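Coordinate analysis (summary)
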Amino acid sequence: MNRGLAFTGNRKRQVLVVDDEQINREMLGYIIQQKYDVIYAENGEEALNVIRENKQKLSLVMLDLMMPVLDGFEVLKIMQEDSELKAIPVIVLTSEKEAEVDSLKQGAADFITKPYDMPEVILARVRRIIELSEDRLIIAATERDHLTGLYTKEFFYQYASQLERYYPDWDMDAVAIDVEHFHLFNELHGREFGDRVLKEMARTINHLISTEADGYACRYEADKFYVYCTHLHEEDYESMHAELIEALVKITKNNHIRVRFGVYPSVDRSIQIERRFDRAKQACDSIRNNYAVSISYYDTEAYEKNLFSERLIGDFEEAMEKGHLVVYYQPKYSIQGDEPKLTSAEALIRWIHPELGMISPGAFIPLFETNGLIQQLDLYVWKQAAAQIAAWKKEFGVTVPVSVNVSRMDMYDPNLQSNLLRILRENGLTPNEYLLEVTESAYAEDSRQLIDVVNNLRNKGFRVEMDDFGSGYSSLNMLTSLPFDVLKLDMVFVRNVHTDEKALKLVELIMEIARYLGVTVIAEGVEYVEQYDLLKKCGCDVIQGYYFSKPLPPEEFDGLLEK
Ligand code: C2E
Ligand code: CA
Ligand code: CA
């Protein structure tokens with residue numbers, strides 16, 4: 001229904017005057033005809049016929065209350081019960097004071113008392129009532145989507161916020177509904193058919209949310225709908241989904257129609273209403289190409305992790321510039337002599353974020369490995385570590401070799417070797433004062449190229465540690481064919497070495513192979529004296545772990561060196 005638009009233009013508005021007394025009809029008609037196009041009815045029954053016939057263009061009904069056949073109250077009542085007629089404003093005409101209040105209660109917009117004495121007042125009232133009702137209709141028209149009759153997106157959001165004010169503790173779900181490949185209906189069967197499908201969809205959704213849930217809906221975009229309703233169980237969504245599909249199959253005669261639901265259950269009210277639907281939409285979009293699933297639930301945890309990742313990526317550059325990324329050093333002790341002796345250290349990055357506090361590399365290294373930032377970060381750590389070795393050398397007169405982590409991505413960088421050599425040169429160091437840790441899983445890709453890279457580095461004098469040995473995929477017999485100088489046992493072996501006989505046997509076996517290959521073995525993650533004792537007995541050369549020290553900022557590491 002679009003009555004609001006019918007009123008535009010210079011055409012006179014049409015007003016129906018209903019009165020059983022001719023003199024009254026003529027008097028009123030005479031007053032308003034200068035401004036309006038007046039039509040007449042003599043009783044209630046005739047009035048209703050005229051109203052029904054002219055409902056699209058009638059701007060106002062002026063209704064006498066006391067009439068034979070069907071009186072004014074009954075006409076009012078019938079009009080109020082009809083959704084279309086209800087929109088036409090009514091001014092009642094009466095000479096009785098009490099009837100005025102009653103008629104207003106029954107939906108009349110205003111009243112005028114007989115006899116009619118002041119024409120200007122009457123005209124002013126008529127005009128005001130018509131204007132008011134047109135304004136209301138225009139607003140109503142913009143609140144509704146013209147095709148489906150559902151709310152517009154804007155009104156929907158506004159309505160939701162209002163609902164929130166009145167019912168702040170309702171448990172609500174935000175739902176996004178999307179028809180797959182809807183454009184095909186338009187393309188194959190014409191827009192009109194597409195419109196029919198959308199209307200049917202809107203009707204069914206509206207029906208479902210008023211019978212199976214408590215909520216309301218809007219058409220968000222061409223073929224996308226949003227529903228905001230009280231929290232439902234997954235079974236409820238499944239049955240709603242099935243009913244919607246059934247209705248759509250019926251109208252389209254297409255058994256393959258696919259509808260996706262994205263549900264953001266039990267919304268967090270601290271976030272904006274639009275954002276809540278972004279989440280529902282995100283869930284909905286996440287199954288676009290997944291034909292096995294039709295209903296997807298928004299995962300708050302995954303989303304937050306995602307947000308956190310984006311934040312870290314966004315803050316990275318500033319962190320580099322402002323020195324929020326700090327290199328810590330964890331000492332490694334050689335243990336086969338009488339006394340454990342500090343021999344080297346591993347450089348481990350720390351992000352001291354001004355707002356988020358200390359962030360462990362576990363939170364950002366894997367992330368940066370997927371987007372390439374790791375190369376920038378590693379280059380920075382390598383430089384810091386080299387400068388630190390040089391500084392210690394100067395201050396304490398000894399070289400503390402530092403190992404740096406070389407990520408898999410770095411290994412494929414054609415500039416790797418030249419970068420490393422340049423860094424050493426700039427700090428007056430030689431490659432044997434620097435160690436490279438390459439994780440076992442990088443080797444395990446078993447790429448010839450990778451082995452060549454490692455061999456070239458070793459030929460230049462770098463010593464290479466195979467990091468995390470045993471954590472990944474490599475088998476013991478792989479050890480014989482891969483190039484490296486130091487084997488770094490992964491923490492998983494160390495963790496159980498003092499409690500699990502099998503873990504100990506495995507460590508002993510690895511030690512034996514290492515001896516055969518002539519490589520040094522480092523155990524990392526050593527925390528307890530029992531682990532230390534057992535590893536020492538097995539012949540492990542070097543130990544790194546909380547048993548000796550956590551990774552330390554450079555100033556604290558100085559303290560160890562002074563000792
Ligand atoms: P990773 O290379 O295996 O480093 C050893 C990790 O074990 C470090 O964690 C260290 O703090 C921790 N650790 C040392 N001793 C103990 C112990 O006794 N008990 C326990 N539970 N843990 C111990 P961190 O510093 O959090 O680093 C985690 C991982 O992040 C590193 O594992 C490494 O893969 C990566 N990483 C750290 N810094 C860098 C870097 O500058 N570049 C690259 N590419 N990766 C880095
Ligand atoms: Ca390492
Ligand atoms: Ca490791």
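Reading guide: rules and limits
- Residues numbered from 1 in each chain as written.
- Chains lettered and ligands numbered in written order.
- Predicted model: local features only at pLDDT ≥ 70, side-chain atom pairs only at ≥ 80, totals over all residues.
- Heavy atoms only, no water.
- Salt bridge = Lys/Arg side-chain N within 4 Å of Asp/Glu carboxyl O.
- Helix = DSSP H or I, 4+ residues; strand = E, 2+ residues; numbered from the N terminus.
- Buried < 20%, exposed > 50% of the residue type's maximum accessible area, 1.4 Å probe, protein only.
- Phe/Tyr/Trp six-rings, centres within 6.5 Å; stacked < 30°, edge-to-face > 60°.

As a further point, take the pattern of salt bridges. Between side chains of opposite charge, a pair can form when the charged atoms approach closely. Across all of its chains, the model carries 32 salt bridges by this definition. Linking D285 and R288 is a salt bridge whose minimum nitrogen-to-oxygen distance equals 3.5 Å. Among the salt bridges present, the one from K332 reaches E465, with a minimum N-O distance of 3.0 Å. Of this pair, K332 sits in strand 11 (residues 325-334) while E465 is found in strand 16 (residues 463-469), placing the two residues 133 residues apart along the sequence. Classification of E465 as buried rests on a relative accessible area of 2%. Three or more residues are tied together by salt bridges with common partners; here these are D178, E180, E221, D223, K224, R258 and R260.

This part covers the packing of aromatic side chains. Working definition: an aromatic ring pair is given by the centre-to-centre distance plus the angle between the planes. Overall, the coordinates contain 29 aromatic pairs when judged by the stated rule. Between Y264 and Y298, the aromatic rings sit 5.0 Å apart at their centres with planes inclined by 70 degrees, giving edge-to-face as the arrangement. Taken as a pair, Y264 in strand 9 (residues 259-264) and Y298 in the loop between strand 10 (295-297) and helix 12 (300-322) lie far apart in primary sequence, 34 residues in all. You can call Y264 buried: its relative accessible area is 2%. Residue Y298 is classed as buried on the basis of its relative accessible area, which comes to 8%. Seen from their ring centres, Y329 and W392 are 5.2 Å apart, and the 70 degrees between their planes marks the pair as edge-to-face. Of this pair, Y329 sits in strand 11 while W392 sits in helix 14 (residues 373-396), placing them 63 residues apart in sequence. Each member of the pair Y329 and W392 is classed as buried.

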